[in-house]
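Here are the chains, one letter per residue:
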Amino acid sequence: MKNRKNYITASLICSGLLLSGCANTASGYRPVVDGYQGAAYHEDLRDCQALAKTKDYDNGDTKTSALVGAVVGGAVGGIEDESVEGAIAGALVGGLLGSAEGVAETRVERKNIVIRCMIGRGHAVVG
């Protein structure tokens, strides 16, 4: 039981660090463009990065991923440990992993928002 508590504590700490480290990433993405990068480019980039920040990490997709992770983790933990504590531990770990997956997906979406926005403003994005 003590090892399970240590595992849960370590998982909570790692997940918290992971989620906090992603707070403003991806919206600051700077795509590689083919062409002149003058004042208009920099203004467009700032606008596109600001637009990407409107895609919040605390969104429905992240919440759904966390919920699914918690349900699956709770079921697996309850079956494996045959106890309520095992189900709770599994739900906590599963929920955190689901949240981390949702955050990772949001990072990709934010990066794609910047890319699509820059292309929409006429910049030749190559990477």
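This is a predicted model, so every value here is computed, not measured.

Definitions and cut-offs
- Residues numbered from 1 in each chain as written.
- Predicted model: local features only at pLDDT ≥ 70, side-chain atom pairs only at ≥ 80, totals over all residues.
- Heavy atoms only, no water.
- Axes fitted to C-alpha atoms, helices over the stretch in contact; angles between N-to-C directions.
- Helix = DSSP H or I, 4+ residues; strand = E, 2+ residues; numbered from the N terminus.
- Left-handed = near helix turned anticlockwise from the far one by under 90°.
- Contact = heavy atoms within 4.5 Å.
- Nonpolar A, V, L, I, M, F, W, Y, C, P; charged D, E, K, R; others polar.
- Expected span 1.5 Å × (residues − 1).
- Buried < 20%, exposed > 50% of the residue type's maximum accessible area, 1.4 Å probe, protein only.
- Arc of directions from axis to C-beta.

Caption draft 1: Quick look at the packing of helix α2 (residues 39–53) against helix α4 (residues 84–120). At their nearest, the axes of α2 and α4 sit 8 Å apart, and the two run at 145 degrees to each other. In this structure, α2 meets α4 at a crossing whose hand is right-handed. Taken together, the residues of α4 that come into contact with α2 (itself represented by Tyr41, Asp44, Leu45, Cys48, Gln49, Leu51, Ala52 and Lys53) are Arg110, Ile113, Val114, Cys117 and Met118. Grouping the amino acids of the contact of α2 with α4 by side-chain chemistry returns 9 nonpolar, 1 polar and 3 charged.

Caption draft 2: The arrangement of α4 in detail. The terminal C-alpha atoms of α4, which comprises 37 residues, lie 53 Å apart, in line with the 54 Å expected from a rise of 1.5 Å per residue. After α4 finishes, the residue Gly122 shows a positive phi value of roughly 95 degrees.

Caption draft 3: Region of the structure containing α2. For α2, built from 15 residues, the straight-helix expectation of 21 Å at 1.5 Å per residue is met to within 8% by its first-to-last C-alpha distance of 21 Å. Every buried residue of α2 is accounted for by Tyr41, Asp44, Leu45, Cys48, Gln49 and Ala52. The arc enclosing the buried residues of α2, seen along the axis, measures out at 135 degrees, which places them on a common side. Exposed side chains of α2 directed beyond 90 degrees from the buried face belong to Ala39, Ala40 and Arg46.

Coordinates in, geometry out; function isn't part of it.
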